[in-house]
Amino acid sequence: MYFCYKIQTIPRISRMNRTVTTGDWMLPTRVQDEYVMIILNVGHLYLQENNRQVCLKRGDVVTLRPGTVYQSYRPGSCDYYFIHLNGESFEELDCAEHVSVHQIIAQNQTMAFKCDPLNDELYEKSMLFLPKEMHIRDEQLMERIGSSMQRAIQACASRELNYKLVCSLKFLEILSELSASFAKQVLKEDTDGRSRALLHTTERTQKIIDLLYREYPNKITGNSISRELDMNFDYLNRIFKQQMGVTIFEYLNIVRITKARELMIDGSQKLYEIAAATGFCDEYHFSKAFKKMIGCSPRHYLNRKAASGQ
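Residues numbered from 1 in each chain as written. Predicted model: local features only at pLDDT ≥ 70, side-chain atom pairs only at ≥ 80, totals over all residues. Heavy atoms only, no water.

**Considerations on the nonpolar core**
Cut-off, in case you're wondering: Joining through side-chain atoms within 4.5 Å is the link that ties buried Ala, Val, Leu, Ile, Met, Phe, Trp, Tyr and Cys residues into a set, and such a set is a nonpolar core. Any residue under 20% of the maximum accessible area for its type is buried, any over 50% is exposed, and the rest in between are partly exposed; the area is computed with a 1.4 Å probe on protein chains only. To qualify as a helix, a DSSP run of H or I must reach at least 4 residues; to qualify as a strand, a run of E must reach at least 2; elements of each kind are numbered from the N terminus. Residue contacts are defined here by distance: any two heavy atoms, one from each residue, within 4.5 Å place the two residues in contact.
By size, the foremost hydrophobic cluster in this structure holds 38 residues, and its most contacted members are M16, M37, F90, F171 and L178. A per-element tally of this core places helix α4 (residues 163-189) first, with 8 residues. When neighbours within four sequence positions are excluded, F90 is seen to be in contact with F3, C4, Y5, K6, Y35, T63, L85, L130, F171 and L175. Formed by 18 residues, the second largest nonpolar core is a distinct cluster that contains I225, L236, F240 and V255.

**Some points on the pattern of salt bridges**
Here is the rule: What makes a salt bridge here is a side-chain nitrogen of Lys or Arg within 4 Å of a carboxyl oxygen of Asp or Glu, nothing more.
Summed over all chains, the structure comprises 14 salt bridges. Close ionic contact of D79 with R18 constitutes a salt bridge, the shortest N to O distance being 2.6 Å. Separated by 61 residues along the polypeptide, D79 in strand β9 (residues 78-85) and R18 in strand β2 (residues 13-20) bring together distant segments of the chain. For R18, a relative accessible area of 32% corresponds to the partly exposed category. Several salt bridges share partner residues, and in doing so they unite R214, E215 and E228 into one network.

**Some details on helix α8 (residues 248-266)**
The following threshold applies: To estimate how far a helix should extend, the number of its residues minus one is multiplied by 1.5 Å.
When the terminal C-alpha atoms of α8 are compared, their 27 Å separation across 19 residues agrees well with the 27 Å that a helix rising 1.5 Å per residue should span. Taken together, the buried positions of α8 are I248, Y251, L252, V255, R256, I257, T258, A260, R261 and M264.

**Brief notes about the sheet that holds strand β1 (residues 2-5)**
Spelled out, the test is: For two strands to be treated as a pair, DSSP must find at least two bridges joining them. Axis lines are fitted through C-alpha atoms, for helices just across the contact stretch, and the angle between N-to-C directions can take any value from 0 to 180 degrees.
Spatial strand order, β10-β1-β11: 3 strands in an open sheet with antiparallel pairing. Looking at the sheet topology across the chains shown, the edges are occupied by β10 (90-93) and β11 (128-131). Across the sheet, the axes of successive neighbouring strands diverge by a mean angle of 25°, strand direction being ignored. Sheet topology places β1 next to β11; 4 bridges connect them, and they run antiparallel. In the sheet register, F3 faces β11, and the bridge partner there is L130.

**Considering the environment of A260**
Looking at where A260 falls in the secondary structure, it is placed in helix α8. If we ignore the near neighbours within four places in the chain, the residues touching A260 are I274, T278 and F286.

**So, helix α3 (residues 139-158)**
Here is the rule we go by: Polar contact is defined as a pair of N or O atoms within 3.5 Å, subject to the rule that within protein one atom must be able to donate a hydrogen and the other to accept it, and that residues adjacent in sequence are counted only when both atoms are side-chain atoms.
If you check α3, its first and last C-alpha atoms are 29 Å apart, about what 20 residues at 1.5 Å a residue would give, namely 28 Å. Taken together, the buried positions of α3 are occupied by L141, M142, I145, G146, S148, M149, A152, I153, A155 and C156. By the N-cap criterion, in which a side-chain oxygen at the helix start approaches the backbone nitrogen of a residue two or three places on, α3 is capped by D138, the distance to Q140 being 2.9 Å. Note on α3: the residue one or two positions beyond its end, R159, has a positive phi of about 50°.

**Considerations on the side chain of D60**
Along the chain, the position of D60 falls in strand β7 (residues 60-64). Residue classification places D60 among the buried residues on the basis of a relative accessible area of 10%. Of note is the side chain of D60, whose polar atom sits 2.8 Å from the backbone nitrogen of K57. Among the polar contacts listed, one links the side chain of D60 to the side chain of H135, at a separation of 2.8 Å. The contacts of D60, once residues within four sequence positions are left out, are I38, I39, L40, C55, M134 and H135.

**Looking at the packing of α8 against helix α10 (residues 283-294)**
As a reminder, the rule being used: Comment on the angle field: the value is read as roughly parallel under 35 degrees, roughly antiparallel over 145, roughly perpendicular from 65 to 115, and oblique elsewhere. Gly falls in the polar group here, along with every residue not listed as nonpolar (Ala, Val, Leu, Ile, Met, Phe, Trp, Tyr, Cys, Pro) or charged (Asp, Glu, Lys, Arg).
Direction vectors running N to C along α8 and α10 enclose 100°, while the axes themselves pass 10 Å from each other. As summarised for this structure, α8 and α10 are arranged roughly perpendicular, according to the angle between their axes. Between α8, through N253, I254, I257, T258, A260, R261 and M264, and α10, the contact on the second element is made entirely by F286, A289, F290, M293 and I294. Split into classes, the residues belonging to the contact of α8 with α10 amount to 9 nonpolar, 2 polar and 1 charged.

**Some remarks on the sheet that holds β2**
Through backbone hydrogen bonds, the strands of a sheet pair up, either in parallel or in antiparallel fashion. Strand order in this open sheet of 5 strands is β2-β9-β4-β7-β12, and the pairing throughout is antiparallel. Looking at the sheet topology across the chains shown, the edges are occupied by β2 and β12 (133-135). Between one strand axis and the next, the sheet turns by 15° as a mean value, whatever way the strands run. Where β7 meets β12, 3 bridges bridge the pair, whose relative direction is antiparallel. Bridge assignment links V61 to a residue of β12, and that residue is M134. Strands in contact with α3 are β2, β4 (35-43) and β9; relative to β2, the strand with the most contacts, it is inclined by about 115°.

Next comes the structure, spelled out in structure tokens:
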């Protein structure tokens, strides 16, 4: 069982807190009409969910569905975080086949690379995707989750202004980190050849994109990319286009035009200055590339923005 959070809505948190117990403690029988996420911090929680028993230890995360009967099946001491959220928060996916999980992860990653950062496309299409149960191996991630939880708990305890929104936003931070961690775990641990290939392609694509965003104001060539990443450029270009649907230099133009649009919206530089700042050799080549990608000249784009009040 997998859960996909609907990111178009703000999570509605009813309770978000930490429980620290002694050795003879047992979780009483409970039935919730909400989702309940439990994150084990220290010790062991002997959890019975309906008729299934599981021992949770540090780093274990489990999400209980609405209507689930849960309790302890034996006493124990533990320290855990819990989050109760609205019963309509998740879309439930029963895609036990690994290929389906991998396809979702790959599509989500490619979408993050390809979507225009200046519009709201990612809000409509991104998926925060995680399994019903997972284990966190990264201690730094556990520390970040602990910090987010403590901030939310503090806001609730003091009833500070907008404390519910603080809880919602901190939960989204946690969920985003868990989703990213799960994606990495799936691709690294699976023995399927396609999964390993997908992982390698995604990692190399990420390195190329990092390079392009770092060096876009400067002259970039196939040789400079090859030297920087210590790989054959034709090979890199081939796997990049396989995942992104465009070549490396086509994507570089996307990066440069996106950065140019940001500078144009700021309105503090002239077009020839923007062209130079974003890696174009002159204003003519900048205007030509801009019109090809956006469908209008930079000046027309600026006039349109001014008319719309943006």
